[in-house]
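Coordinates in review
What follows is each chain in one-letter form.
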Amino acid sequence: MLKLLDLFSGIGGFSLGMEATKRIKTIGFVEKDKFCQKVLNKNFKNIPIEEDIRNVKGQRYTADIVSGGFPCQPFSVAGKRRGTDDDRYLWDETLRVVAETKPKWFVGENVEGIININNGLVLRQVQTDLEKEGFQVQCLVIPASGIGAWHQRKRVWIIANSSTVRRSDTSTYNSQNEPKELSKKNVKFSIKSSLSSDVSHSNSNRNRNEIRESYGEKKEIQREHREKDSTSWKF
């Protein structure tokens, strides 16, 4: 059983998905929002929650995986996109926890805007920082439409694996028991497979291109309806 330290946990989406594999167990959350803490306490019993990532000591955790959707506001097109100048920029704290915990895997997530802000230097710095800690890094853009949703909502996923000896290797981690889905060789294949697989809750098996085309048709119908409706109000 692999152990997960879930940073910026929200209501536990990372943990919910990873624990669904039956091969990963969450050992700690980091989340400051009080409502989210209540949800976590209800759905994940007896798992400690720390409020502020700035106070987290990675050495306390023996985790095989550290995950985190570090705050997106500094990079989101919905905000001012101040990047590293934003006081909510917490990548440096995320990296510190990763460096102290020394997991085999890091799984990060952020908005698509992180790709081009500061001419791509921010994302490049994230990759460089992880590589300096001994990780091999792969970044992917996965839209919600890739798994059956009707909207794009693109997200950047940062998948990092370390083949060097980590803290978890000296305790309970056994590389021979590492789930196939998490082996370095199969990470890219698994993600690609998830994009092309059927979605049980979807009403059809449309692929991503068909979803985008249908969405475009839907928007055009809505536009025509608005134009027609607006004419009826003219005097």
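Analysis parameters
Residues numbered from 1 in each chain as written. Predicted model: local features only at pLDDT ≥ 70, side-chain atom pairs only at ≥ 80, totals over all residues. Heavy atoms only, no water. Helix = DSSP H or I, 4+ residues; strand = E, 2+ residues; numbered from the N terminus. Buried < 20%, exposed > 50% of the residue type's maximum accessible area, 1.4 Å probe, protein only. Contact = heavy atoms within 4.5 Å. Areas by Shrake-Rupley, 256 points an atom, 1.4 Å probe, with all protein chains shown as cover. Phe/Tyr/Trp six-rings, centres within 6.5 Å; stacked < 30°, edge-to-face > 60°. Salt bridge = Lys/Arg side-chain N within 4 Å of Asp/Glu carboxyl O. pLDDT = per-residue confidence, 0-100. Pairing = 2+ DSSP bridges. Axes fitted to C-alpha atoms, helices over the stretch in contact; angles between N-to-C directions. Core = buried A, V, L, I, M, F, W, Y, C linked by side-chain atoms within 4.5 Å.

**Section: the overall build of the protein chain**
A count of helical and extended segments in the protein chain gives six helices and seven strands. Helices and strands appear in the protein chain in the N-to-C order β-α-β-α-β-β-α-β-α-β-β-α-α. Across the 235 residues that make up the protein chain, the buried fraction comes to 42%. Across the protein chain, contacts joining residues at least 24 apart in sequence account for 66% of those joining residues at least 6 apart. About 14200 Å² of surface is accessible on the protein chain, with carbon and sulfur atoms providing 50% of the total.

**Focus: the packing of aromatic side chains**
Using the criterion set out here, one finds four aromatic pairs in the structure. Ring geometry for Phe70 and Trp91: centres 5.1 Å apart, planes at 50 degrees, overall tilted. Placement of the pair is Phe70 in the loop between β4 (65-68) and α3 (91-101) and Trp91 in helix α3, with a sequence separation of 21 residues. The same class applies to Phe70 and to Trp91, which are both buried. Ring geometry for Trp91 versus Phe106: centroids 5.9 Å apart, planes at 65 degrees, classification edge-to-face. One end of the pair, Trp91, is in helix α3; the other, Phe106, is in strand β5 (residues 105-111), with 15 residues separating them in the sequence. Here the aromatic residues Phe70, Trp91 and Phe106 are joined through ring pairs into a cluster of three or more.

**Section: the pattern of salt bridges**
According to the stated counting rule, one finds seven salt bridges in the structure shown. Between Glu100 and Arg96 there is a salt bridge, with its nearest N and O atoms 3.1 Å apart. Note that Glu100 and Arg96 are positioned in helix α3 at a spacing of four residues, about one turn of the helix. Classification of Arg96 as partly exposed rests on a relative accessible area of 21%. Salt bridges sharing partners connect three or more residues here, namely Glu93, Arg96 and Glu100.

**With respect to the confidence of the model for the protein chain**
Here the protein chain averages 75 in pLDDT, and 62% of its residues register 70 or above. Confidence drops under pLDDT 50 across residues 229-235; counting only partners more than four residues distant or on other chains, this segment forms zero contacts.

**A few points about α3**
Most of α3 is tucked away, with nine of its 11 residues classed as buried. All of the buried residues in α3 are Trp91, Glu93, Thr94, Leu95, Val97, Val98, Ala99, Glu100 and Thr101. Immediately beyond the C-terminal end of α3, within one or two residues, lies Lys102, with a positive phi of roughly 55 degrees.

**Looking at the environment of Ile65**
Tracing the backbone shows Ile65 in strand β4. Taking C-alpha positions, Ile65 is 9.2 Å from Thr26, a pair spaced 39 residues apart along the chain.

**Side note on the sheet that holds strand β2 (residues 24-30)**
Strand order in the open sheet formed by seven strands is β3-β2-β1-β4-β5-β7-β6, and the pairing between neighbours is mixed. Two strands close off the open sheet at either side, each with one partner strand: β3 (49-50) and β6 (135-142). Those strands touched by helix α4 (residues 121-132) are β5, β6 and β7 (155-162), and its axis lies near 150 degrees from that of β6.

**Regarding the nonpolar core**
Of all hydrophobic cores here, the largest spans 27 residues; its most connected members are Leu5, Leu7, Ile53, Trp91, Phe106, Leu130 and Ile158. For this core, the secondary structure elements donating two or more residues are β1 (2-7), α3, α4, β6 and β7. Sequence-distant contacts of Trp91, defined by excluding residues within four places in its chain, comprise Phe70, Phe106, Val126, Asp129 and Leu130. One finds Leu2, Ile65, Trp105 and Leu140 within the second-largest nonpolar core, a separate group that totals 11 residues.

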